[in-house]
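Descriptive analysis of the structure
What follows is the residue order along each chain.
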Amino acid sequence: MTDTNTQNDIGSLLTEALPYIQRYSGKTIVIKYGGNAMTDPELERSFAKDVVLLKQVGLNPVIVHGGGPQIGKVLEQIGKESHFIDGMRVTDTETMDVVQMVLGGLVNKGIVSLISQAGGKAVGLTGKDGNLIRAKKLQLEKKAEANQPSEIIDLGHVGEIESINTSIIKVLENESFIPVIAPVGLGADGESYNINADIVAGKIASALGAERLLLLTNTSGVLNKQDELLTGLNTKDIQALIDDGTIQGGMLPKVACALDAATEGTGSACIIDGRVKHAVLLELLTDKGIGTLIHR
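Note that the structure is predicted; figures quoted are calculated from it, not measured.

Moving on to the pairing of strand β2 (residues 60-65). For β2, a buried count of 6 out of 6 residues is recorded, marking the element as mostly surrounded by other parts of the structure. Neither face of β2 is exposed, since N60, V62 and V64 on one face and P61, I63 and H65 on the opposite face are all buried. Pairing analysis gives 6 bridges linking strand β1 (residues 28-33) to β2, with the strands arranged parallel. Note that in β2 the partner of V30 across the bridge is V62. Following the backbone out of β1, through helix α2 (residues 41-56) and into the adjacent parallel β2, one traces a crossover that is right-handed.

Given below as structure tokens:
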């Protein structure tokens, strides 16, 4: 039996959520889903329930997912070694076949299934469906030594986004479905391209004019040199943190993605810890939130 103090805490938390539900009602929230949140079964189920709850109370969640560990596992099973350059997977034709099978099939349909089990209606897509993501081959330029020509590194079927066609997402939202999107794009040449999921989520958020972009990661957010969580960051703040070495390594592209989205049409972006149960609800529907908010 729940004691009186616990009941009061639950009641306070629910009423605390009310103004945020009212604020975000009818608005689109793009969530990049990845990291531990999609490899821990308990967190997977929790995430699916949270997304269904958001839809039920009037928000429009759009899910963009990754799947790097799952791709790596399948490649290992078939005896193919993974190679990375600047954090990007070198994707030859055989690897691209695996990417499409894992992202568009195994991972995507698994998320759709979890949302369905939680009582929601989800539709799985790749960027190839409805011309959602038009892409081209990514040209990775390697900086050369002084007085030497730069070198273009061939990453195979790794792409960059040329355009986003949001019409299929809007149709699904209007029919009360939750879109679940795998980050595979289609080129004008008919080729398929593997694209970074953070970048896809940011560009989709911008194209939709989303109210919020949430990037689930395996860290609590942007930390200062004393390991304290930073929030409410703008362009000037972020540049200063990059210049003094506070933001570096793997956090750089996530921050850049969040900042781009916040300056290209998204209300704001937030980097949150996907290892925390109910992270999405805590960030969106409570006063304190849990991540690093990035705005214009």
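Attention now goes to the UniProt feature "site: Transition state stabilizer" (unreviewed entry) in the chain. UniProt records the feature "site: Transition state stabilizer" (unreviewed entry) at K32 and K254, using the numbering of this structure. Over a stretch of 223 residues, the named residues converge on one spot in the fold, their C-alpha atoms separated by at most 10.7 Å. By secondary structure assignment, the location of K32 is in strand β1. Ignoring sequence-local partners within four residues, the contact set of K32 consists of V64, A197, D198, A201, L214, L215, L216 and K254. Judged by relative accessible area, K254 falls into the buried class, the value being 16%. Once residues within four sequence positions are removed from consideration, K254 is found in contact with K32, D198, L215, T217 and I271. Looking at K254, its side chain comes within polar contact range of the side chain of D198, at 2.7 Å.

Attention shifts here to the state of the cysteines. Two cysteines form a disulfide when their sulfur atoms are joined by a covalent bond. All told, the structure shown has 0 disulfides when counted by the stated rule. Summary of cysteine pairing: C257 is not part of a disulfide, and the nearest cysteine sulfur, belonging to C270, is at 13 Å.

Our next topic: the sheet that holds strand β9 (residues 159-164). Taken in spatial order, the 4 strands line up as β9-β6-β11-β12 in an open sheet, and their pairing is mixed. Because the sheet does not close on itself, it has two edges, and the strands there are β9 and β12 (192-194). This sheet shows a mean twist of 50° between the axes of neighbouring strands, independent of strand direction. Bridge count for strand β6 (residues 133-137) against strand β11 (residues 184-187) is 2 bridges, and the pairing is parallel. Of the residues in β11, the one forming a bridge with A135 is G187. In this fold helix α4 (residues 93-117) packs onto β11 and β12, with an angle of close to 75° to the strand it touches most, β12. Contacting β6 and β9, helix α6 (residues 197-208) crosses the sheet at an angle of about 15° to β9.

Checked against the element boundaries, T126 lands in strand β5 (residues 122-126). Apart from the residues lying within four places of it in its own chain, the contact partners of T126 are G104, L132, A182 and V184.

Once that is clear, we can look at the sheet that holds β1. Pairing within the open sheet is mixed, and its 7 strands lie in the order β5-β10-β2-β1-β13-β14-β15. If you trace the sheet from one side to the other, it starts and ends with β5 and β15 (292-294), each paired once. Each adjacent strand pair in this sheet contributes to an overall mean axis angle of 20°, direction not counted.

With that settled, the discussion passes to helix α7 (residues 235-243). Taking the backbone nitrogen of K236 as reference, a side-chain oxygen 3.2 Å away marks N234 as the first, capping residue of α7. One or two residues past the end of α7 sits G245, with phi positive at roughly 85°.

The N-to-C vectors of α6 and helix α8 (residues 251-263) enclose an angle of 10°; their axes lie 9 Å apart at closest approach. Taken together, the axis directions place α6 and α8 in an arrangement best described as roughly parallel. Only K254, C257, D260 and A261 of α8 make contact with α6, whose side of the interface consists of D198, I199, G202 and S206. Partitioned by chemical class, the residues of the contact of α6 with α8 number 3 nonpolar, 2 polar and 3 charged.

Our next topic: the packing of aromatic side chains. In this structure the tally under the stated criterion is 1 aromatic pair. Between Y33 and F47 the ring centres are 3.9 Å apart and the planes differ by 5°, which places this aromatic pair in the stacked class. Taken together, the residues span a long stretch of sequence, with Y33 in strand β1 and F47 in helix α2 at a distance of 14 residues. Per residue, the accessibility class of Y33 equals that of F47, and both read buried.

The next subject is the UniProt feature "binding site: substrate" (unreviewed entry) in the chain. Look at the UniProt record and you will see "binding site: substrate" (unreviewed entry) annotated at G67, G68, R89 and N194. The annotated residues occupy 128 residues of the chain but converge on a single region, no pair of C-alpha atoms lying more than 11.8 Å apart. Topologically, G68 is positioned in helix α3 (residues 68-77). Look at G68 and you get partly exposed, because its relative accessible area is 32%. As for its placement among the helices and strands, R89 is situated in strand β4 (residues 88-89). Overall, R89 belongs to the buried group, its relative accessible area being 9%. Excluding anything up to four places from it in sequence, R89 contacts G68, I71, G72, L75, S82, H83, F84, T95, L155 and V158. A polar contact of 3.1 Å, which involves the side chain of R89, links it to the backbone oxygen of G68.

About the cut-offs
- Within every chain, residues take consecutive numbers counted from 1 along the sequence as written.
- Totals for whole chains, interfaces and linings use every residue, but because this is a predicted model, local features are given only for residues with pLDDT of at least 70 and side-chain atom pairs only at 80 or more, for both listing and counting.
- Note that water and hydrogens are dropped before the side-chain values are worked out from all heavy atoms of the structure.
- Any residue under 20% of the maximum accessible area for its type is buried, any over 50% is exposed, and the rest in between are partly exposed; the area is computed with a 1.4 Å probe on protein chains only.
- Helix numbering and strand numbering both begin at the N terminus, where a helix is a DSSP run of H or I of at least 4 residues and a strand a DSSP run of E of at least 2.
- When DSSP finds two or more bridges between a pair of strands, those strands are recorded as paired.
- Seen with its strands pointing away from the viewer, a crossover is right-handed if its path from the first strand over the helix to the second goes clockwise.
- UniProt positions are given in the numbering used here, feature names are shortened, and annotations may be inferred rather than shown by experiment.
- Here a residue-residue contact requires only that any non-hydrogen atoms of the pair lie within 4.5 Å.
- Polar contacts, as used here, are pairs of N or O atoms within 3.5 Å; protein pairs need one atom able to donate a hydrogen and one able to accept it. Residues neighboring in sequence count only if both atoms are side-chain atoms.
- Note on disulfides: each one is a pair of cysteine sulfur atoms within 2.5 Å.
- Simply put, an axis is a line fit to the C-alpha atoms, just over the touching stretch for a helix, and the angle between two N-to-C directions goes from 0 to 180 degrees.
- Here roughly perpendicular refers to angles of 65 to 115 degrees, roughly parallel to angles under 35, roughly antiparallel to angles over 145, and oblique to all remaining angles.
- The classification used treats Ala, Val, Leu, Ile, Met, Phe, Trp, Tyr, Cys and Pro as nonpolar, Asp, Glu, Lys and Arg as charged, and all other residues, Gly among them, as polar.
- Aromatic rings from Phe, Tyr and Trp, with only the six-membered ring used for Trp, were paired whenever their centres fell within 6.5 Å, and each pair was classed as stacked if the ring planes differed by under 30 degrees, edge-to-face if by over 60, and tilted otherwise.

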